[in-house]
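A look at the structure
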Amino acid sequence: QVPLVESGGGLVQAGGSLRLSCAASLGFFNRYTMAWFRQAPGQERDFVAAIYWSGGTYYADSVVGRFAVSRDNAKNTVYLQMNSLKPEDTAAYFCAADWRGSSTQRAAYTYWGQGTQVTVSS
């Protein structure tokens, strides 16, 4: 069973919005820090946002004020609301889980989804 499954990607015009979802099949979901990363073709997989198991959120500078991460522990789901999208936000977006973690580093995350593509046209 795939532990994390993303959905909600698609094609949107610049200035538009999308909401990504990540459904987790992890026990004790509320004890995982959940994060979103993104990877453009030929680029590294970069941190976007995290919502910590202990509370609180953290964002990459490039998305502050435009993206919002949230979670519904009753549904084992984490969301990424993306507003004011720009062409440079075009990438595959990946959900990741880290047991009681606090890192924004890719290597710290144990579980990964398969990714969902977001394309922003100018």
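As a reminder, the structure under discussion sits directly above these lines.
Being a predicted model, the structure only gives us computed values, none of them experimental. (Residues numbered from 1 in each chain as written. Predicted model: local features only at pLDDT ≥ 70, side-chain atom pairs only at ≥ 80, totals over all residues. Heavy atoms only, no water.)

1. Focus: the nonpolar core
- Residues Met 34, Trp 36, Leu 80, Met 82 and Tyr 93 are the most contacted members of the largest nonpolar core, which totals 36 residues.
- Broken down by secondary-structure element, the contributors of at least two residues to this core are β3 (18-24), β4 (32-39), β5 (45-51), β7 (67-72), β8 (77-82), β9 (91-99) and β11 (116-121).
- Setting aside chain neighbours within four positions, we find Leu 80 in contact with Leu 18, Arg 19, Leu 20, Trp 36, Val 48, Ala 49, Phe 67, Ala 68, Val 69 and Tyr 93. (Core = buried A, V, L, I, M, F, W, Y, C linked by side-chain atoms within 4.5 Å. Buried < 20%, exposed > 50% of the residue type's maximum accessible area, 1.4 Å probe, protein only. Helix = DSSP H or I, 4+ residues; strand = E, 2+ residues; numbered from the N terminus. Contact = heavy atoms within 4.5 Å.)

2. Considering the state of the cysteines
- Counting across every chain of the model gives 1 disulfide.
- In this model Cys 22 forms its disulfide with Cys 95; the gap between the sulfur atoms is 2.1 Å. Between Cys 22 and Cys 95, the S-S torsion sits near -80°, and that sign places the bridge as left-handed. Here the residue Cys 22 occupies a position in strand β3, and Cys 95 occupies one in strand β9, the gap between them amounting to 73 residues. Considered together, Cys 22 and Cys 95 belong to a single accessibility category, that of buried residues. (Disulfide = S-S within 2.5 Å.)

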